[in-house]
Structure formats: structure tokens, C-alpha cells
Amino acid sequence: MTPRNLLYRLYERRLFAALGHDGRPRHVGLIMDGNRRWARAAGLASVSMGHQAGADHIDDLLDWCTELGIDHVTVFVASTENLARRDQSELDSLMRMIEQRAKTPRDGWRLRVAGRLELLPDSTAHALKLAADQSPDTGPCLTIAIGYGGRQELVDAFRSVLTDAAAAGTSMDELAATLSADDIAAHLYTADLPDPDLVIRTSGERRLSGFLLWQSAYSELYFCDVYWPAFRRVDFLRALRSYAERQRRFGA
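Sequence positions are assigned chain by chain, starting from 1 and proceeding in written order. At least 70 in pLDDT is required for a residue's local features to be given in this predicted model, at least 80 for side-chain atom pairs to be given and counted, and no such filter applies to totals for whole chains, interfaces and linings, which use all residues. The basis for every side-chain value is the complete set of heavy atoms in the structure, and neither hydrogens nor water enter the calculation.

Visitor: So what about the environment of Val199? Which residues, and what values?
Guide: Under the DSSP-based scheme used, a helix requires at least four consecutive residues in state H or I and a strand at least two consecutive residues in state E, with every element numbered from the N terminus. With respect to the secondary-structure elements, Val199 resides in strand E5 (residues 198-201). We call a residue buried when its accessible area falls under 20% of the maximum for its residue type, exposed when it is over 50%, and partly exposed in between, using a 1.4 Å probe and counting protein chains only. Here Val199 falls in the buried class, since its relative accessible area comes to 2%. Separated by 174 residues in sequence, Val199 and Pro25 have C-alpha atoms that sit 9.9 Å apart.

Written out as C-alpha cells, the structure reads:
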């Protein structure tokens, strides 16, 4: 072990020891940004190699969360805008990679999918549905946000509320008079999950880009400059330390 690595290891231990159990998030959302830029900076032949490195790195994240007792993780894999605007060859490669990863689910973790699977190739949607159906019913939960957009999620939630009201014979006036935030939340893609306590974005960008817009209303936000494939355990611990040092305010 080099002196530099030894220093990082000691620093990690110090950060880990400083984290109290009460100050740890229950649910972490992660915008895994910077895969393509990491590949270019590394001189790799294709940006798809960055996506592969980023996908493989999720296993490391789940290891860290298991160690820390964090039992809900939501990762932003591809937005609706990504699917509409990215080069088709890059998307094809990404979808093949997702299908392959779906065949090797993470032991002990439930898998959920949030987003509009109809926007994905049939084979990719099928692979994700099958992996989710075959994952455990209990235990820590990994949610894959793919074909996901926060605004579209709200549109779909409102449509679902209106559809249910119509089926129940509820008038629009009655619905307008009684509609609550809980009613809308019950129709979100993530209705059965707790809201994220902490949302992390890598790569230096300082925005949510439509990720969990409703759910992150009171989430703590953490931005770091490192690209996702290079995001280390020490970077994760720094994010958790920042979270633990904050005084959370709900509604203020």
C-alpha cells in the first residue's frame, strides 16, 4: 500500500467513526453524472466504456450502503431527455448493458424500476421487469430511475388521480375540494418508498435535472466535482458527513 493510499484509508476510518447512527440517511438518491466525460478524460475508445464503468460502480455503492445500514438507494440511470437526445448507437449500447446487468441482480437487494418503461426497447423493459419480479420481497431496496422525468412523473400522477376519481364517480368540483398532497404522492412512481433524505450528484453539476422533483422537496443536496466512475468510498463518506452536520428543516 502506498503512503497516499494509507492516508486515504486512515481518513476513511476517521470519517466512518465520526458518523453517528442517528445522523445517517435512510434513503439516498444518486445522480450518477460524468460517465462520458470520465471515459473521454481517460482516453477510452468509446463513451460506452464510461457507462459500463458507471454501472459496475453501483455494486460498490451498494456495498457501502450495506456497511452503513442505508436500506434505500435510488439511482438516476437515464432521463426521458437522454432517451430522446442521445446518439442512437450510444443508447443501443447502454440498453444492451442494462439488459446484461439485469441478468445478474445484486444478492439481498430488492429491485424496483421507476419511469416509463414503454420508452425503452421491449427487450430492455422485459429484462428489467423480470429482474424486479425475481428480486426479494423484503430487504434493502435499489430503485432504478430509467426513462424517468420528474415533470412527466407528476403529469402521470395527476392523470392517475383523475382516472381514479372518474371511476369512483367523483366530480371535478369534489376532487378540487378534497385533493391533498398525500393523494398525489400515492400515485407517484415511488409511492411505496420513503422520500430521499440525501440526494448526491457527481461531476460538478449543481442541478437536479428533473430527478425526484416532488420527493426531494425537503431532501438535503450534495454536489461533488468527481465523475461518477471515480467516486470513491471516501467521497461517499464526505457526503454523509455533510448530511450529518446539517440541521434538517421541513417547511423552512
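Continuing now.
Visitor: I'd like to hear about the sheet that holds strand E1 (residues 27-31), residue by residue, with values.
Guide: Two strands make a pair as long as DSSP finds a minimum of two bridges between them. Across the sheet, 6 strands lie side by side as E3-E4-E2-E1-E5-E6; this open sheet has parallel pairing. Edge positions in the sheet fall to strand E3 (110-114) and strand E6 (220-223), since each of these pairs with one other strand and no more. This sheet shows a mean twist of 20° between the axes of neighbouring strands, independent of strand direction. As judged from the 4 bridges shared by E1 and E5, these two strands associate in the parallel manner. Bridge pairing links Ile31 to Arg201 in E5. What makes two residues a contact is simply this: any of their non-hydrogen atoms within 4.5 Å. To get an axis, fit a line to the C-alpha atoms, keeping to the stretch in contact for a helix; angles then go from 0 to 180 degrees between the N-to-C directions. Here helix H10 (residues 233-245) sits on the sheet and contacts E1, E5 and E6; the angle it forms with E5, its principal contact strand, is near 140°.

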